[in-house]
Amino acid sequence: MNNKDLAKNVLDLVGGEQNISGLTHCATRLRFVLKDDNKADLKALDQLEGVLKAQNSGGQVQVVIGAKVDAVYSEVKNLTSDHIGELTESTDSGPKKRRNPVNVVLETIAGIFTPVLPALVGCGMIKCLATVITAMGYLEGSGFLTIINMIGDCIFYFMPFFLAVSAANRFKTNPYLAVALAAGLMHPTILNAAAQIAETGVNSIDFLGMPILLMKYSSSVIPIILAVWIMSYVYPIVNRVIPKFLQVLLTPMIVLFIMIPVELIVLGPVGSYIGDWLTNGINSLFSTAGVLAGAILGFFKPIMVMFGMHYAIMPIQVQQVATLGATVLLPTALAANLAQAGAAFGVFVLTKSKTMKSAAASSGFTALFGITEPAIYGVTLKYKRPFFAGCLAGGLVGGFYSLVHTTANAISLPGVLAIGTYSSDRYMYVVIGCIAAVVLGFVFTLLAGIKEDTDGNKSKKQATDKVNSNQTAVATEATTASVSSLTSTSSDMLIVSPMTGEIKPISEVEDQAFAQELMGKGIAIVPADGKVYAPFDGVVEALYRTKHAIGLKAANGVEILIHIGVDTVSLKGKYFNAHIEQGQTIKAGDLLVEFDPEGITSAGYNTITSIVVTNMQQYGDVLTTATSGPIRESEPLIKLIP
């Protein structure tokens with residue numbers, strides 16, 4: 001599924017554009033604020049190709065996409081370009097639902113800092129390069145190293161400008177006036193006077209009898225956010241008071257005349273004191289109970305990632321680097337990320353599934369570089385024990401890093417490429433911690449095991465032997481008996497083939513969502529004709545508008561997805577004809593969909609059809625009667641072991 005089609009499907013499943021009151025994104029997920037959360041189909045979102053996970057957390061519907069989230073976000077914005085106001089600001093005149101203030105604060109922090117992340121990470125990686133060059137003794141005192149250091153530091157010297165634009169977008173106010181507020185904090189009149197306090201003894205400027213304290217705001221975070229937030233209320237009030245024909249001239253002037261003195265007299269000092277309090281408070285916590293604090297953060301970091309709460313500590317990290325030159329928080333994130341990478345590698349060793357091996361290896365390497373969502377959602381959390389094995393390893397190494405006073409002098413993705421920005425009592429401790437996190441996550445996972453290789457080993461072997469020894473008998477029975485055997489009272493449950501064709505392993509499907517079994521376990525069929533039949537009695541739970549995918553639910557609760565072809569959603573229903581509707585009750589053998597295989601192939605699309613059990617977690621195992629060879633409609637295909 002391409003990015004545009006994915007964006008369309010996501011928009012539909014969150015209740016449509018009219019249900020969206022706010023949208024942002026972070027490094028891996030789309031974050032929707034909806035007018036009515038009940039209109040979002042989280043189950044369908046979870047099963048959508050290209051979506052790793054969908055959840056409602058922190059007052060948001062979060063759709064985890066992965067590395068291509070920025071491209072999908074752009075497509076969503078393009079699809080709503082004519083109604084951008086509806087996307088960023090609720091126009092619903094009805095009663096507003098009450099929201100948890102904590103969720104609102106977390107959502108606001110994420111919304112402000114997420115757009116700034118590329119600049120933060122970019123400058124952080126440049127800072128890492130400069131640190132490595134300096135440590136190696138190369139180019140010392142050269143103009144090249146001077147410029148590299150300048151690039152790495154520039155975002156911190158001008159932090160208020162970056163946050164002004166982001167906060168203005170978040171609070172729906174004029175971004176250029178917000179930049180003017182940042183300029184007020186950064187004006188040489190303030191900065192130069194603040195730098196000369198020791199020489200002049202002057203620490204304030206009188207403004208109409210009120211003192212403006214001389215403070216350095218170049219690296220501050222909270223003052224500009226507070227100022228833009230207050231301006232978002234002042235601006236519309238002023239605009240309503242001023243006659244329309246004078247608004248262009250007077251509104252900006254009056255807003256700046258009010259806001260810049262207010263931010264310099266009140267908001268700036270208050271924000272600076274809050275920032276210093278948070279920074280010093282965290283440092284005091286780590287200095288008095290460092291091992292415990294580091295262990296707790298290292299353990300819970302992946303859990304915070306699951307709920308999208310890890311951005312809540314971003315302002316503290318930025319403030320620490322800006323004011324103290326280093327942060328004690330990023331090392332715990334480094335430990336947690338590398339531990340999840342080790343856990344993914346542990347799953348790679350333990351699993352017998354080729355597709356899961358591929359997923360574990362690729363997501364493990366991604367986690368090494370600082371992006372853990374694919375490893376968490378696609379691998380470790382799937383088996384649960386590896387996830388908590390990684391959490392335990394991250395907690396231990398996080399405590400170790402605190403013990404040896406490890407810090408990071410730049411904001412970057414906490415992965416192996418950025419270890420040049422970390423320092424400790426001895427730099428070797430940073431390296432030891434990185435290795436320990438990966439190794440412990442790996443070893444703890446091996447010790448904990450995964451379900452398919454421990455508890456399920458015996459039953460899987462027995463079930464496989466039973467299928468192999470009785471395959472002919474089962475096929476005969478299924479052909480002659482009613483296919484409603486799926487709802488029988490026997491311990492095992494059978495799903496028959498919905499089409500005639502050639503069986504292929506699911507790993508051969510050129511769609512990683514199916515090949516890596518992210519959508520569920522199952523099998524693939526290269527169709528011999530263009531007909532899809534109901535494999536059991538049940539209900540049509542989902543029928544996509546493009547008719548290329550059908551979600552079915554049996555009377556006993558088994559849920560399957562039949563996906564015809566690869567990326568065939570792009571055909572927009574061409575070559576497909578549905579004989580059923582969503583919500584319709586079906587009987588085994590009913591014709592569901594007809595399609596034109598030749599037409600689909602001539603259009604450049606593969607017709608290989610994926611048939612997966614989407615609620616596989618409710619069963620001990622999902623087996624296939626064969627991995628290759630011909631099969632006819634209504635012959636045995638998938639066996640479920642309770």
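Treat the numbers as computed from the prediction; the structure is a model and nothing was measured.

Trainee: I'm lost on the overall build of the protein chain in this one. Help?
Mentor: Check the secondary structure of the protein chain and you find 22 helices and 22 strands. In the protein chain, which comprises 642 residues, the proportion classed as buried is 51%. A sequence separation of at least 24 residues applies to 73% of the contacts in the protein chain between residues at least 6 apart. For the protein chain, the computed accessible surface area is about 27900 Å², with 61% contributed by carbon and sulfur atoms.

Trainee: I tried to follow the environment of Met 493 on my own but got confused; where do I start?
Mentor: Structurally, Met 493 is set in strand S9 (residues 493-496). Measuring from C-alpha to C-alpha, the distance between Met 493 and Ile 638 comes to 8.4 Å, with 145 residues separating the pair along the chain.

Trainee: How do you make sense of a nonpolar patch on the surface when you look at a structure like this?
Mentor: Together, Phe 257, Ile 258, Val 262, Val 266, Val 270 and Ile 274 give the surface a local cluster of nonpolar side chains, amounting to about 470 Å² of exposed area. For Val 262, the position within the fold is in helix H13 (residues 247-306).

Trainee: For this particular structure, what's the right way to read the packing of helix H9 (residues 175-186) against helix H10 (residues 188-195)?
Mentor: Two packed helices can be described by the angle between their axes and the distance between those axes. Look at H9 against H10: their axes get within 5 Å of each other, and the N-to-C directions meet at 25°. It follows from the interaxial angle that H9 and H10 lie roughly parallel. On the side of H9, the interface is formed by Gly 184, Leu 185 and Met 186, while H10 contributes Pro 188, Ile 190 and Leu 191. Partitioning the contact of H9 with H10 into residue classes produces 5 nonpolar, 1 polar and no charged.

Trainee: Even after reading the chapter, I still don't get the sheet that holds strand S1 (residues 20-25), so can you show me in this structure?
Mentor: Consider a sheet: its strands pair through backbone hydrogen bonds, and that pairing is either parallel or antiparallel. In spatial order, the strands read S1-S2-S4-S3; together these 4 strands make up an open sheet with antiparallel pairing. Unpaired on one side and paired on the other, S1 and strand S3 (53-57) mark the two borders of the sheet. Geometrically, the sheet is characterised by an average inter-axis angle of 20° between neighbouring strands, direction not taken into account. In this sheet, strand S4 (residues 60-64) lies alongside strand S2 (residues 29-34) in antiparallel orientation, the contact comprising 4 bridges. Residue pairing in the sheet places Leu 30 in a bridge with Val 63 of S4.

Trainee: Teacher, can you tell me more about the pairing of strand S19 (residues 609-613) here?
Mentor: Walk down a regular strand and you will see the side chains alternate between the two sheet faces. With respect to burial, S19 is a largely interior element, 5 of its 5 residues being buried. Sheet topology places strand S11 (residues 521-527) next to S19; 5 bridges connect them, and they run antiparallel. By the bridge assignment for S19, Ala 524 is matched with Ser 610. Alignment of strand S15 (residues 559-564) against S19, held across 5 bridges, turns out to be antiparallel. The residue bridging Ile 564 from the neighbouring strand is Thr 609, located in S19.

Trainee: Explain unusual backbone geometry here, please?
Mentor: It is generally the case that most residues other than glycine have a negative phi and that most peptide bonds are trans. Of note, the phi angle at Lys 172 is positive, near 60°, even though the residue is not glycine. Its place among the elements puts Lys 172 in the loop between helix H8 (159-171) and H9. The backbone of Lys 572 sits at a positive phi, close to 55°, despite the residue not being glycine. With respect to the element layout, Lys 572 can be found in the loop between S15 and strand S16 (576-578).

Trainee: For this particular structure, what's the right way to read the packing of helix H15 (residues 330-350) against helix H18 (residues 385-403)?
Mentor: As a packed pair, H15 and H18 sit with axes 7 Å apart at the nearest point and diverge in direction by 145°. For the element pair H15 and H18, the recorded crossing hand is right-handed. Counting all contacts with H15, which are made through Pro 331, Thr 332, Leu 334, Ala 335, Ala 336, Ala 339, Gln 340, Ala 343 and Val 347, the residues of H18 involved are Pro 386, Phe 387, Gly 390, Cys 391, Ala 393, Gly 394, Val 397, Gly 398 and Tyr 401. Per-class residue counts for the contact of H15 with H18 are 13 nonpolar, 5 polar and no charged.

Trainee: How should the environment of Ile 608 be read in this particular structure?
Mentor: Within the secondary structure layout, Ile 608 lies in the loop between helix H22 (597-602) and S19. Once the C-alpha coordinates of Ile 608 and Pro 597 are considered, the two residues, 11 residues apart in sequence, prove to be 9.7 Å apart. Apart from the residues lying within four places of it in its own chain, the contact partners of Ile 608 are Lys 504, Val 509, Ala 524, Ile 525, Val 526, Pro 527, His 563, Ile 564, Gly 565 and Val 566.

Trainee: Just checking my understanding: could you explain the packing of aromatic side chains for this structure?
Mentor: The description of an aromatic ring pair rests on the distance of the ring centres and on the angle between the ring planes. Considering all chains together, one arrives at 8 aromatic pairs under this definition. Here the aromatic rings of Phe 345 and Phe 365 are separated by 5.3 Å at their centres, their planes lie at 65°, and the arrangement is edge-to-face. On the criterion of sequence distance, the pair formed by Phe 345 in helix H15 and Phe 365 in helix H16 (residues 354-368) is long-range, its members being 20 residues apart. Judged by centre distance (6.0 Å) and plane angle (40°), the ring pair of Phe 400 and Tyr 401 falls under tilted. Residue Phe 400 is classed as partly exposed on the basis of its relative accessible area of 26%. Put simply, the rings of Phe 400, Tyr 401 and Tyr 429 pair up and form one aromatic cluster.

Trainee: Is there a simple way to explain the pattern of salt bridges in this structure?
Mentor: Side-chain pairs of opposite charge can arise where the charged atoms are in close proximity. Considering all chains together, one arrives at 4 salt bridges under this definition. Between Lys 43 and Glu 541 there is a salt bridge; the shortest N-O distance is 3.7 Å. Of the two residues, Lys 43 sits in helix H2 (residues 42-47) while Glu 541 sits in strand S13 (residues 538-543), which places them 498 residues apart along the sequence. Given a relative accessible area of 35%, Glu 541 falls into the partly exposed group. Among the ionic pairs, Lys 127 bridges to Asp 153, the shortest N-O distance being 2.9 Å. Of the two residues, Lys 127 is situated in helix H6 (residues 117-135) and Asp 153 in helix H7 (residues 143-157); the sequence distance between them amounts to 26 residues. On the basis of relative accessible area, Lys 127 is assigned to the buried category, the value being 16%. Each of Lys 43, Glu 541, Lys 553 and Glu 559 takes part in salt bridges that share partners, so that together they form one network.

Trainee: What's the story with the sheet that holds strand S21 (residues 629-631) in this structure? I'm lost.
Mentor: Spatial strand order, S17-S13-S14-S15-S19-S11-S10-S21: 8 strands in an open sheet with antiparallel pairing. Each edge of the sheet is formed by a strand with only one pairing partner; in this case those strands are strand S17 (585-586) and S21.

Trainee: I tried to follow the nonpolar core on my own but got confused; where do I start?
Mentor: One recurring pattern in soluble globular proteins is that nonpolar side chains are buried together. One finds Phe 113, Leu 120, Phe 156, Leu 163, Ile 224 and Val 318 to be the most contacted residues of the largest nonpolar core, which totals 74 residues. Residue contributions to this core peak at 11 residues, all from H15. When residues no more than four places from it in sequence are discounted, the contact partners of Phe 156 are Leu 120, Ser 218, Ser 219, Val 318, Val 321, Ala 322 and Ile 411. Counting 38 residues, the second-largest nonpolar core is a separate cluster that includes Ala 7, Leu 34, Ala 524 and Val 569.

What counts, and at which threshold
- Residues numbered from 1 in each chain as written.
- Predicted model: local features only at pLDDT ≥ 70, side-chain atom pairs only at ≥ 80, totals over all residues.
- Heavy atoms only, no water.
- Helix = DSSP H or I, 4+ residues; strand = E, 2+ residues; numbered from the N terminus.
- Buried < 20%, exposed > 50% of the residue type's maximum accessible area, 1.4 Å probe, protein only.
- Contact = heavy atoms within 4.5 Å.
- Areas by Shrake-Rupley, 256 points an atom, 1.4 Å probe, with all protein chains shown as cover.
- Patch = residues over 30% accessible without salt bridge, like charges linked within 9 Å, V, L, I, M, F, W, Y side chains within 5 Å.
- Salt bridge = Lys/Arg side-chain N within 4 Å of Asp/Glu carboxyl O.
- Axes fitted to C-alpha atoms, helices over the stretch in contact; angles between N-to-C directions.
- Parallel < 35°, antiparallel > 145°, perpendicular 65-115°, else oblique.
- Nonpolar A, V, L, I, M, F, W, Y, C, P; charged D, E, K, R; others polar.
- Pairing = 2+ DSSP bridges.
- Left-handed = near helix turned anticlockwise from the far one by under 90°.
- Phe/Tyr/Trp six-rings, centres within 6.5 Å; stacked < 30°, edge-to-face > 60°.
- Core = buried A, V, L, I, M, F, W, Y, C linked by side-chain atoms within 4.5 Å.

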